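Examination of the molecular architecture
The lines below spell out each chain.
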Amino acid sequence: MNVYCDVMVEFDPARLITRIAATQDREAFAAMFAFYAPRVKAMMMRRGASADRAEDLAQETLLRLWRKAGQFDPARASASAWVYAIARNVSVDIIRREGRAAVWLEEQDEPDDEDLNEPEQHLLIAEREGLVRSTMATLPEEQIRVIRLSFFDGLAHSEIAELLGIPLGTVKSRIRLALQRLRDRLGELQ
Amino acid sequence: MNDHITHHPSEETLALYAAGTLDQARALIVSMHLARCPACREEVARFEAVGGALLEQAPAVAMKADALEVALRLIENERVLPADTAQADPLDDYALGPWRWVGPGVRQRSVSVPEADGIKVFMLKAAPGTRLPHHKHSGYEWTCVLEGAFEHAFGRYGPGDFDEADETMEHKPTVCEGEPCICIVALQGNIRLQSRLGRLLQPLIRL
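Rules and cut-offs
Residues numbered from 1 in each chain as written. Chains lettered and ligands numbered in written order. Predicted model: local features only at pLDDT ≥ 70, side-chain atom pairs only at ≥ 80, totals over all residues. Helix = DSSP H or I, 4+ residues; strand = E, 2+ residues; numbered from the N terminus. Buried ≥ 20, exposed ≤ 12 C-beta atoms within 10 Å, placed from the backbone. Contact = placed C-beta atoms within 7 Å. Pairing = 2+ DSSP bridges. pLDDT = per-residue confidence, 0-100. Core = buried A, V, L, I, M, F, W, Y, C linked by C-beta atoms within 7 Å. Axes fitted to C-alpha atoms, helices over the stretch in contact; angles between N-to-C directions. Parallel < 35°, antiparallel > 145°, perpendicular 65-115°, else oblique. Left-handed = near helix turned anticlockwise from the far one by under 90°. Nonpolar A, V, L, I, M, F, W, Y, C, P; charged D, E, K, R; others polar.

Looking only at helices and strands, chain A features nine helices and zero strands. Helices and strands in chain A line up, N terminus first, as α-α-α-α-α-α-α-α-α. In chain A, which comprises 190 residues, the share counted as buried stands at 39%. Taking as baseline every contact in chain A between residues at least 6 positions apart, the subset at least 24 positions apart corresponds to 61%.

Below, the structure written as C-alpha coordinates:
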(Lines give C-alpha, C1' and ligand atoms only; values in the text may rest on other atoms or scores of the structure.)
Protein backbone atom coordinates (compact mmCIF):
# COMPACT_ATOMS: atom_id res chain seq x y z
CA MET A 1 0.00 0.00 0.00
CA ASN A 2 1.10 3.47 -0.73
CA VAL A 3 1.24 5.41 2.49
CA TYR A 4 1.48 8.70 0.63
CA CYS A 5 -1.89 8.01 -1.03
CA ASP A 6 -3.54 7.29 2.29
CA VAL A 7 -2.21 10.54 3.63
CA MET A 8 -3.62 12.39 0.65
CA VAL A 9 -7.03 10.81 1.05
CA GLU A 10 -7.07 11.86 4.66
CA PHE A 11 -5.73 15.33 4.04
CA ASP A 12 -7.66 17.33 6.61
CA PRO A 13 -6.18 20.81 6.72
CA ALA A 14 -8.38 22.04 9.57
CA ARG A 15 -7.02 19.27 11.79
CA LEU A 16 -3.48 19.97 10.69
CA ILE A 17 -3.79 23.62 11.69
CA THR A 18 -5.23 22.59 15.04
CA ARG A 19 -2.27 20.24 15.54
CA ILE A 20 0.16 23.03 14.74
CA ALA A 21 -1.55 25.23 17.30
CA ALA A 22 -1.67 22.52 19.97
CA THR A 23 1.81 21.01 19.72
CA GLN A 24 3.81 23.05 17.20
CA ASP A 25 3.62 19.94 15.06
CA ARG A 26 6.20 20.23 12.28
CA GLU A 27 4.88 17.23 10.38
CA ALA A 28 1.46 18.85 10.22
CA PHE A 29 3.15 22.03 9.03
CA ALA A 30 5.02 20.12 6.32
CA ALA A 31 1.75 18.62 5.09
CA MET A 32 0.12 22.06 4.96
CA PHE A 33 3.18 23.39 3.17
CA ALA A 34 3.12 20.64 0.57
CA PHE A 35 -0.47 21.38 -0.38
CA TYR A 36 -0.79 25.13 0.02
CA ALA A 37 2.63 26.65 -0.74
CA PRO A 38 2.56 25.76 -4.47
CA ARG A 39 -1.02 27.05 -4.77
CA VAL A 40 -0.27 30.26 -2.93
CA LYS A 41 2.75 30.66 -5.21
CA ALA A 42 0.40 30.34 -8.19
CA MET A 43 -1.90 32.95 -6.68
CA MET A 44 0.98 35.38 -6.10
CA MET A 45 2.15 34.94 -9.68
CA ARG A 46 -1.37 35.63 -10.92
CA ARG A 47 -1.26 38.76 -8.79
CA GLY A 48 1.78 39.96 -10.65
CA ALA A 49 4.75 38.62 -8.69
CA SER A 50 7.73 37.06 -10.46
CA ALA A 51 8.31 33.36 -9.79
CA ASP A 52 11.09 34.16 -7.28
CA ARG A 53 9.04 36.78 -5.53
CA ALA A 54 6.00 34.50 -5.48
CA GLU A 55 8.14 31.80 -3.85
CA ASP A 56 9.08 34.27 -1.09
CA LEU A 57 5.47 35.37 -0.66
CA ALA A 58 4.33 31.77 -0.39
CA GLN A 59 7.00 31.26 2.30
CA GLU A 60 5.78 34.37 4.09
CA THR A 61 2.17 33.12 3.91
CA LEU A 62 3.06 29.73 5.39
CA LEU A 63 5.17 31.42 8.07
CA ARG A 64 2.19 33.56 9.07
CA LEU A 65 0.05 30.43 9.03
CA TRP A 66 2.43 28.89 11.57
CA ARG A 67 2.36 31.97 13.79
CA LYS A 68 -1.39 32.42 13.60
CA ALA A 69 -2.41 28.77 13.86
CA GLY A 70 -3.73 29.42 17.36
CA GLN A 71 -6.19 31.92 15.98
CA PHE A 72 -7.73 29.54 13.48
CA ASP A 73 -11.27 28.72 14.48
CA PRO A 74 -12.79 25.88 12.48
CA ALA A 75 -16.21 27.16 13.55
CA ARG A 76 -15.63 30.37 11.67
CA ALA A 77 -13.84 29.43 8.48
CA SER A 78 -12.70 26.49 6.43
CA ALA A 79 -8.95 25.93 6.32
CA SER A 80 -8.72 26.99 2.69
CA ALA A 81 -10.71 30.18 3.28
CA TRP A 82 -8.41 30.97 6.19
CA VAL A 83 -5.23 30.33 4.19
CA TYR A 84 -6.69 32.38 1.34
CA ALA A 85 -7.29 35.32 3.69
CA ILE A 86 -3.68 35.14 4.96
CA ALA A 87 -2.31 34.94 1.40
CA ARG A 88 -4.49 37.85 0.34
CA ASN A 89 -3.21 39.93 3.25
CA VAL A 90 0.38 39.07 2.36
CA SER A 91 -0.15 40.17 -1.23
CA VAL A 92 -1.87 43.34 -0.10
CA ASP A 93 0.85 44.21 2.45
CA ILE A 94 3.67 43.60 0.04
CA ILE A 95 2.12 45.41 -2.87
CA ARG A 96 1.46 48.25 -0.50
CA ARG A 97 4.96 48.37 0.93
CA GLU A 98 6.48 48.20 -2.50
CA GLY A 99 3.99 50.68 -3.86
CA ARG A 100 2.26 49.24 -6.89
CA ALA A 101 -0.24 51.68 -8.38
CA ALA A 102 -2.58 51.98 -5.41
CA VAL A 103 -2.10 51.46 -1.70
CA TRP A 104 -3.90 48.60 -0.11
CA LEU A 105 -5.48 47.19 2.96
CA GLU A 106 -3.63 46.65 6.23
CA GLU A 107 -3.56 43.12 7.48
CA GLN A 108 -5.76 42.57 10.47
CA ASP A 109 -6.90 39.70 12.52
CA GLU A 110 -10.44 38.61 12.17
CA PRO A 111 -12.27 39.40 15.37
CA ASP A 112 -13.60 36.42 17.24
CA ASP A 113 -17.28 35.82 17.30
CA GLU A 114 -18.30 34.01 20.41
CA ASP A 115 -21.78 33.01 19.40
CA LEU A 116 -20.32 31.05 16.49
CA ASN A 117 -18.39 28.68 18.73
CA GLU A 118 -21.18 26.10 18.75
CA PRO A 119 -20.61 22.52 17.62
CA GLU A 120 -23.39 22.87 15.04
CA GLN A 121 -21.42 25.72 13.58
CA HIS A 122 -18.58 23.31 12.76
CA LEU A 123 -20.96 21.26 10.68
CA LEU A 124 -22.26 24.36 9.04
CA ILE A 125 -18.78 25.45 8.03
CA ALA A 126 -17.96 22.04 6.60
CA GLU A 127 -21.24 22.04 4.71
CA ARG A 128 -20.62 25.55 3.53
CA GLU A 129 -17.25 24.55 2.20
CA GLY A 130 -18.77 21.70 0.23
CA LEU A 131 -21.59 23.85 -1.03
CA VAL A 132 -19.30 26.65 -2.14
CA ARG A 133 -17.27 24.13 -4.10
CA SER A 134 -20.23 22.37 -5.68
CA THR A 135 -22.02 25.62 -6.47
CA MET A 136 -18.93 27.05 -8.09
CA ALA A 137 -18.76 23.97 -10.28
CA THR A 138 -22.24 24.79 -11.62
CA LEU A 139 -21.52 28.42 -12.46
CA PRO A 140 -21.33 29.34 -16.13
CA GLU A 141 -17.74 29.65 -17.35
CA GLU A 142 -18.11 33.39 -17.97
CA GLN A 143 -19.05 33.91 -14.33
CA ILE A 144 -16.39 31.70 -12.81
CA ARG A 145 -13.86 33.46 -15.00
CA VAL A 146 -14.56 36.92 -13.59
CA ILE A 147 -14.78 35.50 -10.06
CA ARG A 148 -11.36 33.93 -10.50
CA LEU A 149 -9.86 37.13 -11.94
CA SER A 150 -11.19 39.10 -8.99
CA PHE A 151 -10.60 36.79 -6.02
CA PHE A 152 -7.57 34.87 -7.19
CA ASP A 153 -5.79 37.20 -9.57
CA GLY A 154 -6.70 40.23 -7.48
CA LEU A 155 -7.67 42.39 -10.45
CA ALA A 156 -9.87 45.46 -10.09
CA HIS A 157 -13.22 45.26 -11.88
CA SER A 158 -12.05 47.85 -14.39
CA GLU A 159 -8.93 45.79 -15.13
CA ILE A 160 -11.07 42.69 -15.69
CA ALA A 161 -13.27 44.64 -18.10
CA GLU A 162 -10.22 45.76 -20.04
CA LEU A 163 -8.65 42.31 -20.07
CA LEU A 164 -11.79 40.58 -21.34
CA GLY A 165 -12.87 43.46 -23.58
CA ILE A 166 -16.31 43.66 -21.98
CA PRO A 167 -18.09 46.61 -20.36
CA LEU A 168 -17.50 47.29 -16.66
CA GLY A 169 -21.21 46.81 -16.04
CA THR A 170 -21.01 43.28 -17.44
CA VAL A 171 -18.12 42.42 -15.10
CA LYS A 172 -20.10 43.68 -12.14
CA SER A 173 -23.28 41.89 -13.12
CA ARG A 174 -21.47 38.57 -13.68
CA ILE A 175 -19.87 38.83 -10.25
CA ARG A 176 -23.19 39.80 -8.72
CA LEU A 177 -24.95 36.84 -10.37
CA ALA A 178 -22.30 34.38 -9.23
CA LEU A 179 -22.29 35.65 -5.65
CA GLN A 180 -26.09 35.69 -5.67
CA ARG A 181 -26.13 32.04 -6.68
CA LEU A 182 -23.70 31.21 -3.86
CA ARG A 183 -25.72 33.20 -1.42
CA ASP A 184 -28.95 31.44 -2.43
CA ARG A 185 -27.39 28.02 -2.01
CA LEU A 186 -25.72 28.94 1.29
CA GLY A 187 -28.97 30.50 2.47
CA GLU A 188 -30.56 27.06 2.26
CA LEU A 189 -28.18 26.03 5.04
CA GLN A 190 -29.46 28.54 7.55
CA MET B 1 -24.96 48.24 19.49
CA ASN B 2 -24.82 45.92 16.52
CA ASP B 3 -28.58 45.76 16.32
CA HIS B 4 -28.69 49.41 15.48
CA ILE B 5 -26.54 49.22 12.39
CA THR B 6 -28.85 49.82 9.46
CA HIS B 7 -26.49 51.02 6.73
CA HIS B 8 -23.99 48.48 5.44
CA PRO B 9 -21.39 48.40 2.66
CA SER B 10 -22.73 47.07 -0.63
CA GLU B 11 -22.21 43.42 -1.52
CA GLU B 12 -19.78 44.56 -4.21
CA THR B 13 -17.73 46.49 -1.67
CA LEU B 14 -17.52 43.50 0.68
CA ALA B 15 -16.52 41.26 -2.24
CA LEU B 16 -13.74 43.68 -3.24
CA TYR B 17 -12.61 43.81 0.38
CA ALA B 18 -12.49 40.00 0.58
CA ALA B 19 -10.56 39.85 -2.70
CA GLY B 20 -8.02 42.37 -1.40
CA THR B 21 -8.60 44.77 -4.27
CA LEU B 22 -9.84 47.86 -2.44
CA ASP B 23 -7.42 50.72 -1.97
CA GLN B 24 -6.03 51.06 1.55
CA ALA B 25 -8.18 54.09 2.41
CA ARG B 26 -11.48 52.47 1.56
CA ALA B 27 -10.41 49.14 3.02
CA LEU B 28 -9.76 50.89 6.34
CA ILE B 29 -13.26 52.41 6.40
CA VAL B 30 -14.75 49.00 5.61
CA SER B 31 -12.68 47.34 8.33
CA MET B 32 -13.94 49.92 10.85
CA HIS B 33 -17.47 48.86 9.93
CA LEU B 34 -16.57 45.15 10.03
CA ALA B 35 -15.15 45.53 13.54
CA ARG B 36 -18.68 46.60 14.58
CA CYS B 37 -20.86 44.42 12.33
CA PRO B 38 -20.97 40.61 12.72
CA ALA B 39 -23.40 40.28 9.77
CA CYS B 40 -20.92 41.83 7.34
CA ARG B 41 -18.04 39.83 8.82
CA GLU B 42 -20.08 36.74 8.02
CA GLU B 43 -20.62 37.99 4.47
CA VAL B 44 -16.86 38.57 4.04
CA ALA B 45 -16.23 35.06 5.41
CA ARG B 46 -18.52 33.71 2.69
CA PHE B 47 -16.52 35.51 0.03
CA GLU B 48 -13.28 34.27 1.56
CA ALA B 49 -14.70 30.77 1.22
CA VAL B 50 -14.96 31.47 -2.52
CA GLY B 51 -11.29 32.52 -2.48
CA GLY B 52 -10.48 29.36 -0.52
CA ALA B 53 -12.20 27.14 -3.07
CA LEU B 54 -10.29 28.85 -5.90
CA LEU B 55 -7.04 28.39 -3.99
CA GLU B 56 -7.68 24.67 -3.48
CA GLN B 57 -8.41 24.15 -7.15
CA ALA B 58 -5.54 26.30 -8.38
CA PRO B 59 -2.95 24.53 -10.49
CA ALA B 60 0.11 24.20 -8.25
CA VAL B 61 3.32 25.94 -9.25
CA ALA B 62 6.22 23.87 -7.93
CA MET B 63 8.22 25.40 -5.12
CA LYS B 64 12.02 25.19 -5.25
CA ALA B 65 13.57 21.88 -4.24
CA ASP B 66 14.74 23.17 -0.85
CA ALA B 67 11.58 25.15 -0.11
CA LEU B 68 10.39 22.99 2.77
CA GLU B 69 13.84 23.10 4.38
CA VAL B 70 13.78 26.89 4.09
CA ALA B 71 10.31 26.97 5.65
CA LEU B 72 11.28 24.70 8.53
CA ARG B 73 14.25 26.94 9.19
CA LEU B 74 11.97 30.01 9.12
CA ILE B 75 9.62 28.56 11.73
CA GLU B 76 12.50 27.26 13.84
CA ASN B 77 12.60 30.35 16.02
CA GLU B 78 8.97 31.34 15.60
CA ARG B 79 6.47 30.65 18.29
CA VAL B 80 2.90 29.82 17.48
CA LEU B 81 1.18 32.85 18.94
CA PRO B 82 -1.48 32.21 21.52
CA ALA B 83 -5.07 32.57 20.39
CA ASP B 84 -5.90 36.21 20.68
CA THR B 85 -9.49 36.80 21.60
CA ALA B 86 -9.17 40.56 21.83
CA GLN B 87 -10.68 42.36 18.89
CA ALA B 88 -7.93 44.23 17.11
CA ASP B 89 -8.76 47.83 16.34
CA PRO B 90 -7.92 48.50 12.69
CA LEU B 91 -6.83 52.01 13.72
CA ASP B 92 -4.00 50.58 15.86
CA ASP B 93 -1.85 50.50 12.76
CA TYR B 94 -2.18 54.20 12.07
CA ALA B 95 -1.01 57.42 13.67
CA LEU B 96 -3.71 59.97 14.39
CA GLY B 97 -3.02 63.69 14.12
CA PRO B 98 -4.24 66.29 16.64
CA TRP B 99 -7.83 67.52 16.41
CA ARG B 100 -7.88 70.84 14.61
CA TRP B 101 -10.60 73.36 13.88
CA VAL B 102 -11.92 73.26 10.33
CA GLY B 103 -15.19 75.14 10.65
CA PRO B 104 -17.83 76.17 13.19
CA GLY B 105 -18.43 73.18 15.49
CA VAL B 106 -16.29 70.89 13.37
CA ARG B 107 -12.88 69.42 14.13
CA GLN B 108 -10.74 67.14 12.07
CA ARG B 109 -7.76 64.90 12.69
CA SER B 110 -5.64 63.14 10.13
CA VAL B 111 -5.26 59.37 9.87
CA SER B 112 -1.86 58.31 8.55
CA VAL B 113 -2.97 56.41 5.48
CA PRO B 114 -0.49 57.30 2.74
CA GLU B 115 -2.22 59.62 0.32
CA ALA B 116 -2.65 58.11 -3.11
CA ASP B 117 -4.78 59.03 -6.09
CA GLY B 118 -6.03 62.11 -4.26
CA ILE B 119 -7.62 59.98 -1.52
CA LYS B 120 -7.28 61.08 2.08
CA VAL B 121 -8.47 59.60 5.33
CA PHE B 122 -9.42 61.66 8.35
CA MET B 123 -11.71 61.69 11.35
CA LEU B 124 -14.35 64.35 11.84
CA LYS B 125 -15.89 65.44 15.10
CA ALA B 126 -18.97 67.64 14.81
CA ALA B 127 -21.04 69.16 17.60
CA PRO B 128 -24.70 68.13 18.00
CA GLY B 129 -26.97 70.09 15.70
CA THR B 130 -24.18 71.10 13.33
CA ARG B 131 -25.37 71.39 9.76
CA LEU B 132 -22.58 70.48 7.45
CA PRO B 133 -22.75 72.52 4.28
CA HIS B 134 -24.75 71.14 1.38
CA HIS B 135 -22.12 69.51 -0.80
CA LYS B 136 -21.37 67.36 -3.79
CA HIS B 137 -18.37 65.11 -4.32
CA SER B 138 -15.91 65.01 -7.12
CA GLY B 139 -15.02 61.43 -6.17
CA TYR B 140 -16.21 59.00 -3.52
CA GLU B 141 -16.73 59.74 0.14
CA TRP B 142 -16.96 56.68 2.39
CA THR B 143 -17.82 57.19 6.02
CA CYS B 144 -18.15 55.00 9.06
CA VAL B 145 -19.76 56.52 12.14
CA LEU B 146 -17.86 55.79 15.35
CA GLU B 147 -19.86 57.80 17.88
CA GLY B 148 -23.01 59.91 17.81
CA ALA B 149 -25.09 60.19 14.67
CA PHE B 150 -25.89 62.31 11.63
CA GLU B 151 -28.70 62.23 9.18
CA HIS B 152 -29.26 63.20 5.60
CA ALA B 153 -31.72 62.38 2.81
CA PHE B 154 -30.87 58.64 2.99
CA GLY B 155 -31.57 58.24 6.67
CA ARG B 156 -29.97 58.32 10.08
CA TYR B 157 -26.42 57.09 10.53
CA GLY B 158 -25.38 56.00 14.02
CA PRO B 159 -22.38 54.09 15.43
CA GLY B 160 -21.15 51.46 13.00
CA ASP B 161 -23.25 52.71 10.10
CA PHE B 162 -21.51 52.90 6.77
CA ASP B 163 -22.19 55.60 4.20
CA GLU B 164 -20.97 54.97 0.68
CA ALA B 165 -21.39 58.17 -1.33
CA ASP B 166 -20.05 58.88 -4.80
CA GLU B 167 -20.00 61.75 -7.24
CA THR B 168 -23.65 61.21 -8.17
CA MET B 169 -24.85 62.12 -4.69
CA GLU B 170 -25.55 65.42 -3.05
CA HIS B 171 -25.18 65.58 0.68
CA LYS B 172 -26.70 67.80 3.29
CA PRO B 173 -25.87 66.07 6.58
CA THR B 174 -26.97 67.32 9.98
CA VAL B 175 -25.49 66.03 13.22
CA CYS B 176 -28.20 64.60 15.48
CA GLU B 177 -28.86 66.07 18.91
CA GLY B 178 -27.22 64.46 21.93
CA GLU B 179 -23.52 63.73 21.67
CA PRO B 180 -20.94 64.91 19.17
CA CYS B 181 -20.67 62.80 16.05
CA ILE B 182 -17.28 61.23 15.32
CA CYS B 183 -16.76 59.65 11.92
CA ILE B 184 -13.90 58.27 9.92
CA VAL B 185 -13.93 59.30 6.29
CA ALA B 186 -12.09 58.33 3.13
CA LEU B 187 -12.46 61.12 0.63
CA GLN B 188 -11.40 61.13 -2.97
CA GLY B 189 -11.07 64.42 -4.77
CA ASN B 190 -12.79 67.42 -3.34
CA ILE B 191 -16.03 68.34 -1.74
CA ARG B 192 -17.94 70.99 -3.68
CA LEU B 193 -20.16 73.19 -1.59
CA GLN B 194 -23.45 73.98 -3.27
CA SER B 195 -24.54 77.33 -1.87
CA ARG B 196 -23.04 80.71 -2.67
CA LEU B 197 -22.23 81.22 0.97
CA GLY B 198 -20.73 77.76 1.05
CA ARG B 199 -18.53 78.58 -1.88
CA LEU B 200 -17.37 81.71 -0.06
CA LEU B 201 -16.59 79.57 2.97
CA GLN B 202 -14.90 76.84 0.96
CA PRO B 203 -11.37 78.09 1.60
CA LEU B 204 -12.09 78.03 5.32
CA ILE B 205 -13.37 74.49 5.35
CA ARG B 206 -10.15 72.76 4.63
CA LEU B 207 -11.35 69.33 3.74
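Okay, the sheet that holds strand S7 (residues 155-157) of chain B next. Residue and element names in this part refer to chain B. The sheet built from three strands is open, its strands ordered S7-S6-S10 with antiparallel pairing. Whereas interior strands pair on both sides, the edge strands pair on one side only; in this sheet they are S7 and strand S10 (174-175). Here two bridges tie strand S6 (residues 150-152) to S10, and the two strands are oriented antiparallel to one another. Each bridged residue has a counterpart across the sheet, and for Phe150 the counterpart in S10 is Val175.

Residues and elements named next belong to chain A. For Arg53, the location among the structural elements is in helix H4 (residues 51-68). Given 15 C-beta atoms within 10 Å, Arg53 falls into the partly exposed group. Taking the C-alpha atoms as reference points, Arg53 and Ser91, 38 residues apart in sequence, are found 11 Å from one another.

As a further point, take the confidence of the model for chain B. Overall, the prediction assigns chain B a mean pLDDT of 85, with 85% of residues at 70 or greater. Across the predicted assembly, pTM comes out at 0.82 and ipTM at 0.83.

A few words now on the interface of chain A and chain B. Between chain A and chain B, the contact holds 65 residues from the first and 54 residues from the second. At the level of secondary structure, the elements contributing two or more residues to the side of chain A that touches chain B comprise helix H2 (13-23), helix H3 (26-46), H4, helix H5 (79-97), helix H6 (119-138), helix H7 (141-151) and helix H9 (168-187) of chain A. Of all the elements, H3 of chain A adds the most residues to the side of chain A that touches chain B, at eleven residues.

The next thing to look at is the nonpolar core. Ranked by size, the top nonpolar core spans 94 residues in total, and within it Ile20, Met32, Leu62 and Val83 of chain A together with Val50 and Ala186 of chain B carry the most contacts. Counting residues per element, this core draws most heavily on H3 of chain A, which supplies ten residues. With near-sequence residues (within four places) excluded, Leu62 of chain A lies in contact with Met32, Phe33, Tyr36 and Ala37 of chain A together with Ala71 of chain B.

Although it is not a glycine, Gln24 of chain A adopts a positive phi angle of roughly 50 degrees. Relative to the elements of secondary structure, Gln24 of chain A occurs in the loop between H2 and H3.

On to the sheet that holds strand S11 (residues 181-188) of chain B, then. Residue and element names in this part refer to chain B. With antiparallel pairing, the six strands of this open sheet are ordered in space as S1-S2-S3-S11-S5-S8. Of all strands in the sheet, those with a lone pairing partner are strand S1 (100-103) and strand S8 (162-165), marking the two edges. On average, each strand axis in the sheet is inclined to that of its neighbour by 30 degrees, with strand direction left out of account. Pairing of S1 with strand S2 (residues 106-110) involves three bridges; the strand directions are antiparallel. Note on S2: the bridge partner recorded for Arg100 is Gln108.

For the pair H7 of chain A and helix H3 (residues 38-57) of chain B, interaxial distance at closest approach is 10 Å and the crossing angle is 95 degrees. Taken together, H7 of chain A and H3 of chain B sit at an angle that is classed as roughly perpendicular. Counted together, Ile147, Arg148 and Phe151 of chain A of H7 of chain A and Val50, Gly51 and Leu54 of chain B of H3 of chain B form the full contact between these two elements.

All names here are of chain B. Alternating residues of S8 divide into Phe162 and Glu164 and Asp163 and Ala165, and every residue in both groups is buried. Here strand S5 (residues 141-147) runs beside S8; their pairing, made up of four bridges, is antiparallel. When the bridges of S8 are listed, Trp142 appears paired with Glu164.

Moving on, we come to the packing of H3 of chain A against helix H4 (residues 67-76) of chain B. As a packed pair, H3 of chain A and H4 of chain B sit with axes 11 Å apart at the nearest point and diverge in direction by 130 degrees. Taken together, the axes of H3 of chain A and H4 of chain B lie oblique to each other. Taken as a pair, H3 of chain A and H4 of chain B cross one another with a handedness that is right-handed. Residue-level inspection shows Arg26, Phe29, Ala30, Phe33 and Ala37 of chain A of H3 of chain A in contact with H4 of chain B, the latter providing Ala67, Leu68, Ala71, Leu72 and Ile75 of chain B. A per-class count over the contact of H3 of chain A with H4 of chain B returns nine nonpolar, no polar and one charged.

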